Amino acid sequence: MTLTIHSLAAWEILDSRGRPTIAVQSTLSDGSTATAQVPSGASTGVHEALELRDADPQRYRGKGVRKAVSHVEGEIAAALQGCPAEAVDEALIALDGTPNKSRLGANALLGVSCATARALAQSRGIPLWQHLAAGRAARMPVPMINIFSGGHHAGHNIEFQDFLALPVRFDTYSEALAAVVDIHTKARELAEARGYHLTGVADEGGWGPALKSNEEALEILTRAVEPYGGRVAIALDVASSHFYQDGLYHLKTEGRTLNAGGMIDLLDQWTRRYPVISIEDGLAEDDWNHWPLLTARLGERAQLIGDDFFTTNPQRVRRGIAEKAANAVLVKMNQIGTLAETFEVIDLARSAGWRAVISARSGETEDSFLADLAIASGMGQIKVGSITRSERLAKYNRLLEIEKQHQLEYRFP
Ligand code: PGA
Ligand code: ZN
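Structure report, in brief. (Residues numbered from 1 in each chain as written. Chains lettered and ligands numbered in written order. Predicted model: local features only at pLDDT ≥ 70, side-chain atom pairs only at ≥ 80, totals over all residues. Heavy atoms only, no water.)

**Details of the site of ligand 1**
Surrounding ligand 1, one finds 15 residues, the nearest of these being A42, H153, Q161, R361 and S362. Within the side chain of Q161, a nitrogen or oxygen atom sits 2.7 Å from an oxygen atom of ligand 1. Here an oxygen atom of ligand 1 sits 3.0 Å away from a polar atom, N or O, in the side chain of D307. When ligand 1 is considered free in solution it has 280 Å² of accessible area, and contact with the protein chains removes 99% of it. Residues that form the shell around ligand 1 fall into these classes: two nonpolar, six polar and seven charged. (Near = heavy atom within 4 Å. Polar contact = N/O pair within 3.5 Å; in protein donor to acceptor, adjacent residues only side chain to side chain. Areas by Shrake-Rupley, 256 points an atom, 1.4 Å probe, with all protein chains shown as cover. Nonpolar A, V, L, I, M, F, W, Y, C, P; charged D, E, K, R; others polar.)

Right, here's the structure in full:
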């Protein structure tokens, strides 16, 4: 018997920054019911699907999501009632009818998509990751974990956004996690020894001191990972679109302004001077001319990931593959708005021989959906932020639970 949608409910909740986001409950014809919470970014790409907000300045400074809630409970619920649950994403895309989900809101659509997937897993009596995998070879992901934060996530102390530890050579996920927790503490001690006062953590749980330069974060992190002798490498999220203007990259704390060639030279130098093996958004989101040059130059040595560059959009990823513009894609469900399109991007990356990193947003919730998605993708990498703040730990701890319950392969791709 085909399971269909019986009913949908939605409500406004708060994310890890105290901003409204949406939660959705999906109930199927056999009574299975589940909820999902939708994340929200701060350093967003211009090509992302539209996150619908109320724009009512009297409530949450315009950031309320009551319109998205009413779309789920009104038009979407009415149209989807009786729809086969397995076909919900296609129905949502058709119902919205716009290329960027701007009519009903990508936040509304994603909530329905994820809650329905979870209800289906429940109905089948299997873990969410197993339901999502749908034949893909599931595996535990290697985490890239934020240690120092900059840019939009840390009051613009420095320009680069994330300095991450990437535990590439461990036998298990739990051993890798333990090593990174140690590195997080070590990084704090090293920063304090240089006279920095740390009073809390940034949006994703990393340290956000007012460092002198981006390179200083790299110096400290390199020292913090050193005791692991090559078992822990460094990843960067440059998030360069956010300091790019009029064709130039403005590195204020470095006292220099670079063109694309200058940025490529800088990243080249830093991958030689420091153990950096992964660079996200090293160039700006529409710099299609220079991404292939970056990839030709560093692609053999480093994972070059497009986040704002691809915005989890199958069309942009297809173009990126055709133009050899990168060799990896960051996957954020809410950049595109449905699970079906998210898996389309994952499968595109796999068939092109690219890597994919399943990623959270800087505004997160206690929902651990992403942990299951990362396992189901079979791509072997996850990016959730740091190891403080429970909206991050919901994912890390869910992975520990799955590690305990199932024997899944663990290995850096
Ligand atoms: P965001 O940033 O969630 O604030 O957009 C995360 C990232 O750039 O990877
Ligand atoms: Zn990014």
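**What to know about helix α12 (residues 369–377)**
The element α12 is largely enclosed, with a buried count of nine among its nine residues. Every buried residue of α12 is listed here: F369, L370, A371, D372, L373, A374, I375, A376 and S377. Directly beyond the C-terminal end of α12, a positive phi value near 70° is found at G378. (Buried < 20%, exposed > 50% of the residue type's maximum accessible area, 1.4 Å probe, protein only. Helix = DSSP H or I, 4+ residues; strand = E, 2+ residues; numbered from the N terminus.)

**What to know about the sheet that holds strand β14 (residues 381–385)**
The strand order β4-β5-β6-β10-β11-β12-β13-β14 describes a closed barrel built from eight strands, whose pairing is mixed. The average undirected angle you get between the axes of adjacent strands in this sheet is 30°. Each of β12 (328–331) and β13 (355–359) touches helix α11 (residues 339–351); the most contacted strand, β12, lies at about 160° to it. (Pairing = 2+ DSSP bridges. Axes fitted to C-alpha atoms, helices over the stretch in contact; angles between N-to-C directions. Contact = heavy atoms within 4.5 Å.)

**A closer look at helix α8 (residues 291–298)**
Buried within α8 we find W291, L294, T295 and L298. Each buried residue of α8 sits inside an arc of 95° when the element is viewed along its axis, so together they form one side. If you follow the buried residues of α8, they end up packed against α7 (260–273), β10 (276–280) and β11 (303–306). (Arc of directions from axis to C-beta.)

**Points about the side chain of S386**
Here S386 lies in the loop between β14 and α13 (390–405). Since its relative accessible area comes to 0%, S386 is described here as buried. Among the polar contacts made by the side chain of S386, one reaches the main-chain carbonyl oxygen of N146 at a distance of 2.6 Å. With residues up to four places along the chain from it excluded, the contact list for S386 reads I145, N146, H184, E204, G205, G206, R392 and Y396.

**Comments concerning the coordination of the zinc ion (ligand 2)**
Looking at the metal site, the zinc ion (ligand 2) is ligated by D237 (OD), E280 (OE) and D307 (OD), spaced 2.1 to 2.2 Å from it. For the zinc ion (ligand 2), the single-chain donor residues occur in sequence as D-x42-E-x26-D. In this pair, D237 is assigned in strand β6 (residues 232–237) and D307 in the loop between β11 and α9 (314–322), connecting sequence segments 70 residues apart. (Donors = N, O, S within 2.8 Å, 3.2 Å for Na, K, Ca; no water.)

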